[in-house]
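# Architecture at a glance
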Amino acid sequence: MKYINTQEITPQQLAQSLQRPAFDYSARVEQVQPIINKVKAEGDSALQDFNAKFDGIDTPISCVSQDVSQKDLESLDPKIRESFEVAIANITKFHESQKNTEHLVETMPGIQCWRESRAIDTVGLYIPGGTAVLPSTLMMLAIPAKIAGCEKIVVCTPPQKDGNISKEILALCAMLDLKNIYAVGGAHSVAAMAYGTEQIPKCDKIFGPGNQFVTVAKMLVSQDPYGAAIDMPAGPSEVLVVADEHANASFVAADLLSQAEHGVDSHVVCVVLSSEKGKEIEQKLGVQLMQLSRSEIAQQALEKSVMIQVSNRNEAIEVSNQYAPEHLILHLDDVDTVLSSITNTGSVFVGQWSPESVGDYASGTNHTLPTFGFAKSYSGVSLDSFVKKVTFQKLSKEGLQNISDTVINLADLEELDAHANAVKVRL
């Protein structure tokens, strides 16, 4: 990791050090747009062609039979099934708590206003299956979708080498009672969910992380009024870890590596309060790195990452807010005293006993989070991501009389006569 000290650089140099690895999306647009166009024009036959080209699977596109997913559930390793059940329970409990009852407000005598939630009708869930199969992502997206009451939930995930979907993914689909499951991945699956094909229903909103091609495809369909909305802009996975002089260096190193192993483009930032602690963490990184099955991937990620020495805890939080990490892990004494100062991050892991991996899998919070600095303006996926908020107003005759002059004056100011007349005619 590159090592810098904020006392030895300018604010501009710090900002430069916090930049994520550059990626030219324009090049990917040129590759992805033709894929989207072909799927729009040819539907399932295009999906079959792309499955053959990218995954080596040349079979007709069809919905996975519920009998298949049920058999996979019955043959699932009992330990994995039990782990799924615990994770499902925690994720469900946390997202159920996000339901809220909106209050009716009387803004003036005779004028009542309120808001109600309505589920998005059809949602598409993209579940990655390239360098790693991620059933955890299926739980994080399908559970709040079901709690919200989405009428149709479509799941697309890349086929394995044998042409089938991962047995664990299918078993989990059975546990969650998901019926619209398709062995299609990549940018072409995003296009299928956005525009619909003979087999795959058109979706109103698409969720889920993916590689650069999936990310660009989501961006493109979200810009098309005939496409689909998406959960959020996305970039590679990232973490920022803050460690004071009392932090356990082994714990910190493990946290950094747990994010670095996601991919070579993952970004890792470690903020330390002393050079001694930084050196200790570097030493532990070297030891633990060699023990990982994905050590080569993690090593490449670390080479593009940075360790920053700051002078105090307040500056550490300032650096974090400036970076706006997807995940923020705090190895600090009296950690609760800094929480109110945190403004820009997707999810916070408080104290040495809160590794980021618990949030990835089973603590209950959602792991679909804003990356690439979008935590400054976006939230992670929640129950609200799967609903629309509809406002209502109900006026009595008295209420209209009370507000009529205000509305007529403002409509006249904007020279919108019909607006004013809609009030006048009622008087």
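These notes cover the structure that comes with them. (Residues numbered from 1 in each chain as written. Predicted model: local features only at pLDDT ≥ 70, side-chain atom pairs only at ≥ 80, totals over all residues. Heavy atoms only, no water.)

To continue, consider the sheet that holds strand β13 (residues 347-350). Strand order in this open sheet of 6 strands is β1-β11-β10-β9-β12-β13, and the pairing throughout is parallel. Of all strands in the sheet, those with a lone pairing partner are β1 (2-5) and β13, marking the two edges. When the angles between neighbouring strand axes are averaged without regard to direction, this sheet yields 15°. In this sheet, strand β12 (residues 327-331) lies alongside strand β9 (residues 238-243) in parallel orientation, the contact comprising 5 bridges. The residue bridging Val239 from the neighbouring strand is His327, located in β12. Across the sheet, helix α11 (residues 275-289) touches β1, β9, β10 (267-272) and β11 (306-309), and the angle it forms with β11 is around 160°. (Pairing = 2+ DSSP bridges. Helix = DSSP H or I, 4+ residues; strand = E, 2+ residues; numbered from the N terminus. Axes fitted to C-alpha atoms, helices over the stretch in contact; angles between N-to-C directions. Contact = heavy atoms within 4.5 Å.)

Before going further, it helps to examine the pairing of β10. Of all 6 residues that make up β10, 6 are buried, and the element is covered over most of its length. Burial of β10 is two-sided: the residues His267, Val269 and Val271 facing one way and the residues Val268, Cys270 and Val272 facing the other way are all buried. Where β9 and β10 come together, 6 bridges link them in parallel fashion. Bridging from a neighbouring strand, Ala243 pairs with Val272 of β10. The parallel pair β9 and β10, bridged by helix α10 (residues 249-260), forms a crossover whose chirality is right-handed. Sheet topology places β10 next to β11; 4 bridges connect them, and they run parallel. The partner of Val269 across the bridge, within β11, is Val306. (Buried < 20%, exposed > 50% of the residue type's maximum accessible area, 1.4 Å probe, protein only. Right-handed = clockwise from strand over helix to strand, strands pointing away.)

Let us look at the packing of α10 against α11. Two numbers describe how α10 lies on α11: the axes approach to 8 Å, and their chain directions differ by 60°. Relative to α11, the element α10 lies oblique. For the pair α10 and α11, the sense of crossing is right-handed. Between α10 and α11, the residues in contact are Ala249, Ser250, Val252, Ala253, Ala254, Leu256 and Leu257 and Glu280, Ile281, Lys284, Leu285, Gln288 and Leu289, respectively. Considering only residue class, the contact of α10 with α11 consists of 9 nonpolar, 2 polar and 2 charged. (Parallel < 35°, antiparallel > 145°, perpendicular 65-115°, else oblique. Left-handed = near helix turned anticlockwise from the far one by under 90°. Nonpolar A, V, L, I, M, F, W, Y, C, P; charged D, E, K, R; others polar.)

Turning our eyes to something else, we now look at the layout of surface pockets. Volume-wise, the second largest pocket comes out at about 370 Å³. Lining the second largest pocket are 22 residues, with Val64, Gly163, Asn164, Ile165 and Ala183 positioned closest to its centre. Only α4 (66-74) and α7 (167-175) provide two or more residues apiece to the lining of the second largest pocket. Of the residues in the lining of the second largest pocket, the class split is 12 nonpolar, 7 polar and 3 charged. (1 Å grid on protein atoms, 1.4 Å probe; cavity = no way out; pocket = protein on both sides within 12 Å on 5 of 7 lines; lining within 4 Å. Points joined across faces, edges and corners; volume = space filled by probe spheres on them.)

On to the nonpolar core. If you look at soluble globular proteins, the nonpolar side chains tend to sit buried side by side. Judged by nonpolar contacts, the single largest core of 40 residues is most densely connected at Val123, Leu125, Leu138, Met139, Leu176, Leu178 and Phe386. The set of elements that each furnish at least two residues to this core consists of α5 (78-96), β4 (122-126), α6 (135-148), β5 (152-156) and α7. When residues in this core are grouped by element, the largest group, 9 residues, is from α6. Core analysis: the second largest hydrophobic core is formed by 29 residues, Val39, Val154, Ala192 and Cys203 among them. (Core = buried A, V, L, I, M, F, W, Y, C linked by side-chain atoms within 4.5 Å.)

Counted by the stated rule, this structure contains 0 disulfides. You can see Cys63 has no disulfide; the closest cysteine sulfur is in Cys173, sitting 9.7 Å from it. Overall, the relative accessible area of 30% leaves Cys63 in the partly exposed class. (Disulfide = S-S within 2.5 Å.)

A word on the pairing of β4. Of all 5 residues in β4, 5 are buried; the element is thus mostly enclosed. Both faces of β4 are covered, namely the face carrying Thr122, Gly124 and Tyr126 and the face carrying Val123 and Leu125. Sheet topology note: the β4/β5 ladder contains 5 bridges and is parallel. Opposite Val123, over in β5, you have Ile153 as the bridge partner.

Overall, antiparallel pairing links the 3 strands, which are arranged β2-β3-β14 in an open sheet. Two strands lie at the open edges of the sheet, namely β2 (105-108) and β14 (387-395), each paired on one side alone. When strand polarity is set aside, the average angle formed by the axes of neighbouring strands in this sheet is 30°. Running at roughly 90° to β14, helix α15 (residues 397-413) makes contact with β2, β3 (111-119) and β14 of the sheet.

When you line up the elements, Lys304 lands in the loop between α12 (295-303) and β11. If we skip the residues at most four places from it in the chain, Lys304 touches Pro21, Val264, Asp265 and His267.

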